[in-house]
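Residue-level listing of the chains:
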Amino acid sequence: MKAVIPAAGYGTRFLPASKTVPKEMLPVGSKPAIQLIVEEAIAAGADEVVIVTSKDKPSLRAHFDVDELWHNRLKNKPEIDAEMVRLEELSKKISWAYQYEQKGLGHAVLQAEPFVRGEKDPVLVLLGDALVSGKKLASVEMAEISRKYGNASVVGLERVPLEKVSRYGIVSGEKVEEGVFKLGSLVEKPSIEEAPSDMAIAGRYLLDPEIFTLLASQETGHGGEIQLTDSIQRLLSSRSVYGYVYPGKRHDIGNPQGYFETLCAFNNHC
Ligand code: G1P
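This is a predicted model, so every value here is computed, not measured.

Caption draft 1: Looking closely at the pairing of strand S9 (residues 169-177). Note that S9 and strand S10 (residues 180-188) share 8 bridges and pair antiparallel. What sits directly across from valine 171, in S10, is leucine 186. Between S9 and the antiparallel strand that follows it, S10, lie 2 residues; glycine 179 among them carries a positive phi value of about 85°. Note that S9 and strand S11 (residues 199-207) share 2 bridges and pair antiparallel. Across the sheet, valine 171 pairs through a bridge with methionine 199, a residue of S11.

So this is what it looks like as structure tokens:
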């Protein structure tokens with residue numbers, strides 16, 4: 001399975017901190033958020049993880065670059081060196097793509113297309129500013145559901161209060177089993193009146209590779225950007241797409257409040 005992590009956004013909600021420290025590099029314990037997300041992708045079965053980033057964020061790539069120097073420095077600290085060896089193993093599975101213009105999430109995901117060309121299985125998309133806490137990793141569960149429904153696309157969902165629907169992609173669907181819905185429609189950031197339900201897209205997707213063909217011809221949508229949600233809506237005309245309200249909790253590390261909540265959830269310190 002291939003995975004794509006869009007991580008190219010400016011991080012404006014976290015300025016001025018994010019001016020030189022990309023939000024994906026914020027530490028959650030001893031690891032930056034991006035490393036936890038790469039680990040989630042690999043746990044779900046990814047053999048290659050494409051990180052789509054921007055040239056303004058060289059620290060993401062530098063983080064995964066472990067050389068002999070580090071092993072030499074850590075000669076007398078084998079437990080810490082073991083962490084660096086693990087990081088080195090992760091980095092072998094990572095490829096880098098760049099988004100040169102900020103044209104939206106759909107456009108960011110599209111930049112990974114050369115790496116997933118010819119893929120038959122659904123591609124895992126994990127948003128680089130969303131961490132999910134809980135007993136089981138959301139992507140691992142979604143991969144299981146996808147297999148159960150014949151390698152179908154699965155979108156991770158969470159229920160949100162109605163007054164917040166305009167911040168998310170919102171879906172409608174028919175329940176097929178506890179927590180699993182066959183999707184009927186998706187709308188990016190609707191008003192309360194337009195929202196088809198309270199089920200919001202929550203940072204994790206497993207998408208049929210056909211999505212890349214659709215993204216390549218996707219017209220701009222909400223906010224004048226190329227929206228992944230709009231291409232998934234179009235995918236519905238040729239493929240079944242399921243939604244899964246995963247039991248874990250999504251944390252948005254893209255703003256200070258969400259970041260503090262993430263630290264509490266991952267370190268049990270609060
Ligand atoms: C993106 C997606 C949206 C989704 C949200 C949270 O929006 O476009 O559909 O609900 O992530 O996963 P953003 O937060 O980048 O504006």
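Caption draft 2: Main features of the environment of alanine 3. With respect to the helices and strands, the residue alanine 3 is situated in strand S1 (residues 2-7). What alanine 3 contacts, discounting residues up to four positions off in sequence, is Ala41, Ala46, Glu48, Val49, Val50, Leu124 and Leu126.

Caption draft 3: Inspection of unusual backbone geometry at higher detail. In the segment running from leucine 15 into proline 16, the intervening peptide bond is cis, with an omega of 5°. Here proline 16 is to be found in the loop between S1 and strand S2 (27-28). Even without being glycine, asparagine 151 reaches a positive phi, approximately 60°. Tracing the sequence through the fold places asparagine 151 in the loop between helix H7 (138-148) and strand S8 (153-159). Of the residues examined, asparagine 151 reaches a relative accessible area of 37% and is grouped as partly exposed. Unlike most non-glycine residues, lysine 189 shows phi in positive territory, near 45°. Since its relative accessible area comes to 30%, lysine 189 is described here as partly exposed.

Caption draft 4: Expanded view of the site of the ligand. The ligand sits among Leu105, Leu127, Tyr168, Gly169, Glu188, Lys189, Ile201, Ala202, Gly203, Tyr205, Gln227 and Thr229. Interatomic distance of 2.7 Å between a side-chain N/O atom of glutamate 188 and an oxygen atom of the ligand. Within the side chain of threonine 229, one N or O atom sits 3.4 Å away from an oxygen atom of the ligand. Expressed as a share of its isolated accessible area of 380 Å², the protein-covered part of the ligand is 77%. Here the shell around the ligand gets 4 residues from one element, more than from any other, and that element is S11. Counted by class, the shell around the ligand contains 6 nonpolar, 4 polar and 2 charged residues.

Caption draft 5: Geometry of the side chain of lysine 2. Residue position: lysine 2 is located in strand S1. Engagement of the side chain of lysine 2 in a polar contact is seen with the side chain of glutamate 48, the distance being 3.3 Å. Beyond its immediate stretch of four places on either side in the chain, lysine 2 contacts Asp47, Glu48, Phe115, Val116, Glu119, Val123 and Leu124.

Criteria and cut-off values
Residues numbered from 1 in each chain as written. Predicted model: local features only at pLDDT ≥ 70, side-chain atom pairs only at ≥ 80, totals over all residues. Heavy atoms only, no water. Pairing = 2+ DSSP bridges. Helix = DSSP H or I, 4+ residues; strand = E, 2+ residues; numbered from the N terminus. Contact = heavy atoms within 4.5 Å. Buried < 20%, exposed > 50% of the residue type's maximum accessible area, 1.4 Å probe, protein only. Near = heavy atom within 4 Å. Polar contact = N/O pair within 3.5 Å; in protein donor to acceptor, adjacent residues only side chain to side chain. Areas by Shrake-Rupley, 256 points an atom, 1.4 Å probe, with all protein chains shown as cover. Nonpolar A, V, L, I, M, F, W, Y, C, P; charged D, E, K, R; others polar.

These figures capture arrangement, not role.
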